[in-house]
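# Fold and contact review
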Amino acid sequence: MRLLAHLPALVLAQALLGDALPQSRGLESRTDGRPEFTEGQPVDGKGKGARILGGTNHQIDLQNPDNLGQQSTDAGVVPNLKWSFSDSKTRILKGGWVREQVITDLPSSHDIAGAQQHLTKGSIRELHWHRVAEWGFVYNGSVLISAVDEFGRYQAETLNFGDIWYFPKGVAHTVQGLEDNNEFLLVFDEADFDKIGTTFNVDDWVSHTPKDVLAKNFGLDPSVFDSVPSPNPYIVAGSVSTKDVTDGPAGELTGDASFVYRTLKHDPEPSPGNGGVFYKIDSTNFPASKTIAATFVTLKPGGLRELHWHPNAEEWLYFHSGKGRATVFIGNGAARTFDFSSGDTAAFPDNSGHYIENTSETEDLVWIEIYKSERVADISLTQWLALTPADIVAQTLKIPLDIAESLKKEKQLLIQSPSSNSTSS
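Residues numbered from 1 in each chain as written. Predicted model: local features only at pLDDT ≥ 70, side-chain atom pairs only at ≥ 80, totals over all residues. Heavy atoms only, no water.

## Some remarks on the overall build of the chain
Regarding its fold elements, the chain presents eight helices and 25 strands. Taken against the 2.2 N^0.38 rule, which gives 22 Å for 425 residues, the C-alpha radius of gyration of the chain at 25 Å falls within 12% of a compact globule. C-alpha extents for the chain along the principal axes are approximately 85 × 50 × 40 Å. Burial analysis of the chain (425 residues in total) assigns 50% to the buried set. (Helix = DSSP H or I, 4+ residues; strand = E, 2+ residues; numbered from the N terminus. Rg over C-alpha atoms; globule rule 2.2 N^0.38 Å. Buried < 20%, exposed > 50% of the residue type's maximum accessible area, 1.4 Å probe, protein only.)

## Quick look at the sheet that holds strand E2 (residues 90–93)
Spatial ordering of the open sheet is given by E2-E3-E4-E11-E6-E9-E14, a layout of seven strands whose pairing is antiparallel. Edge positions in the open sheet fall to E2 and strand E14 (260–262), since each of these has one partner strand only. The mean angle between the axes of side-by-side strands here comes to 20°, regardless of whether they run parallel or antiparallel. By the bridge criterion, eight bridges tie strand E4 (residues 113–120) to strand E11 (residues 181–188) in an arrangement that is antiparallel. The residue bridging Ala 113 from the neighbouring strand is Phe 188, located in E11. (Pairing = 2+ DSSP bridges. Axes fitted to C-alpha atoms, helices over the stretch in contact; angles between N-to-C directions.)

## Let's talk about the packing of aromatic side chains
For the structure on display, the rule yields 20 aromatic pairs. Each ring, one from Trp 129 and one from Trp 205, has its centre 5.7 Å from the other, and the planes form 70°; the classification is edge-to-face. Here Trp 129 is found in strand E5 (residues 124–130), whereas its partner Trp 205 is found in helix H3 (residues 202–207), with 76 residues between them in sequence. A connected cluster of aromatic rings, assembled from ring pairs, spans Trp 135, Phe 137, Phe 161, Tyr 279 and Phe 296. The lysine or arginine in question, Arg 91, covers the ring of Tyr 234, its NZ or CZ lying 4.6 Å from the ring centre. The ring of Tyr 234 carries the charged tip of Arg 125 above its face, separated from the ring centre by 3.8 Å. (Phe/Tyr/Trp six-rings, centres within 6.5 Å; stacked < 30°, edge-to-face > 60°. Lys NZ or Arg CZ within 6 Å of the ring centre and 35° of its normal.)

## Details of helix H6 (residues 390–397)
For the α-helix, the turn length of 3.6 residues means that residues three or four positions removed from each other point alike. Those residues of H6 that sit buried are Ala 390, Val 393, Ala 394 and Leu 397. Buried residues in H6, looked at end-on, bunch into an arc of 100°, giving them a common side. At its buried positions, H6 is contacted by helix H5 (381–386) and helix H7 (401–406). In the segment just after H6, Lys 398 is the residue with positive phi, at about 60°. (Arc of directions from axis to C-beta. Contact = heavy atoms within 4.5 Å.)

## What to know about the environment of Val 98
Among the secondary structure elements, Val 98 is positioned in strand E3 (residues 96–101). In this structure Val 98 comes out as buried when scored by relative accessible area, which is 5%. Apart from residues lying up to four places away in sequence, Val 98 is in contact with Lys 89, Thr 90, Arg 91, Ala 115, Gln 116, Gln 117 and Tyr 234.

## Remarks on the pairing of E4
Most of E4 sits out of view: seven of its eight residues are buried. Where E3 lies against E4, six bridges are found, and the strand directions are antiparallel. Each bridged residue has a counterpart across the sheet, and for Glu 100 the counterpart in E4 is Ala 115.

## Focus on the environment of Ala 15
Mapping Ala 15 onto the fold places it in helix H1 (residues 9–17). Residue classification places Ala 15 among the buried residues on the basis of a relative accessible area of 4%. The contacts of Ala 15, once residues within four sequence positions are left out, are Leu 304, Leu 307, Thr 382 and Ile 415.

## Some remarks on the sheet that holds strand E18 (residues 315–321)
Strand order across the open sheet formed by six strands is E1-E21-E18-E23-E16-E15, with antiparallel pairing between neighbours. Pairing within the sheet leaves two strands with one partner each, and these edge strands are strand E1 (82–84) and strand E15 (276–281). With direction set aside, neighbouring strand axes in the sheet form an average angle of 20°.

## Details of the nonpolar core
In summary, soluble globular proteins display a tendency toward joint burial of nonpolar side chains. Core analysis: the biggest nonpolar cluster contains 47 residues, and Trp 135, Trp 165, Leu 185 and Ile 370 have the highest contact counts within it. A per-element tally of this core places E11 first, with five residues. Those residues in contact with Trp 165 that lie beyond four places of it in its chain are Glu 134, Trp 135, Gly 136, Val 138, Val 143, Ile 145, Leu 159, Val 175, Phe 184, Leu 186 and Phe 259. Ranked by size, the runner-up nonpolar core spans 19 residues in total, among them Phe 340, Ile 356, Leu 413 and Leu 414. (Core = buried A, V, L, I, M, F, W, Y, C linked by side-chain atoms within 4.5 Å.)

## Observations regarding the side chain of Lys 82
Topologically, Lys 82 is positioned in strand E1. In this structure the side chain of Lys 82 is engaged in a polar contact, spanning 2.5 Å, whose partner is the side chain of Asn 64. Leave out the neighbours within four places in its chain, and Lys 82 touches Asn 64, Leu 106, Phe 338, Asp 339, Phe 340, Asp 344, Thr 345 and Ala 346. (Polar contact = N/O pair within 3.5 Å; in protein donor to acceptor, adjacent residues only side chain to side chain.)

## A short note on unusual backbone geometry
For the peptide bond that leads from Ser 230 to Pro 231, omega is 0°, which places it in the cis range. Residue position: Pro 231 is located in the loop between helix H4 (211–218) and strand E13 (235–236). Phi at Tyr 234 takes a positive value of approximately 75°, unusual for a residue other than glycine. Take Tyr 234: it is sitting in the loop between H4 and E13. Even without glycine at this site, Asn 351 takes up a positive phi of about 70°. Considering the arrangement of structural elements, one finds Asn 351 in the loop between strand E21 (344–348) and strand E22 (353–358). On the accessibility criterion, Asn 351 (38% relative accessible area) is partly exposed.

Next comes the structure, spelled out in structure tokens:
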């Protein structure tokens, strides 16, 4: 139970007591001093810390008050678990751009690499395949995805906001932008995504194959391939496709074989804590997605993704909008709190205890969770304690027996803020 000693008191109370939590108007008491963390200074107002006099990036300090020691429950050595796409090198091309987060950017992410990619209207992420699986989430505009599997089954579909694709390892595919501006999140089940032998672009291969071999393979004149781009352009400016694929001998990829999942056409998971909306996308409802499981989460202002851990995988996160924070407990008395905002990614170690809190009073916190697994799995701290003999819990945590007996036996997932409870009652 050393985890509980390393969690902010209000977060712990909100997670364990829920609706019974007394109302509070501030996250930290300021009666005995004035903390300066929100002003970008490591001063707790209780005699610890002092203002920074040397070189510092004040804007980054303002965005990360918990890096300055704001949480007194942080302890031990926890590596950096956060990377912002804004710190990534952006590769700009005719027709769009891409910026990545790979293992060299975030060494704590051992399972997953991610990227944001932008395509203008008609632009094409050229035909290619990967040695690893690819997962995509559209968050702006519309795209056309096209793919062919080993059996010659094909799929060409338009995807809009909230729609997801999953291309298994080795599946040939491409993506084209359909609106003026189109943007999406890409996820790969390989952290070292940039290493040679991971991505294979069709024009790169064709331009490095003898033309007489190409002519023999396709039954065409060698001159047909005189203009194949080299080196490969990655993104190709083009016009929106008007041709349909028909008469494939193995048919289309449909039903359980489909590479497309339309998130918002399905019901979200039940969230008894009433703190937001929680979609689960894994092999239980998207059968093609065998190696990447995901959630799409919206947490209300002041809400809490309850204290939990994942027994089957690391957790990789992409924060799409809003502001939040999380304390990650990695065992042996080590815990660290991180602040998150739009465009941040994170990797929480396998089986580490954590929560995610929306620190805004007005704005939803929206993020995506990714696991290198066929399913989403978590163990709720409150549910575990509630389903353990109450007297054992009370003796372990030194809490009253009646409190241990009152803990909720059902996962709360997303817990609304205490102020929301008082407003609605």
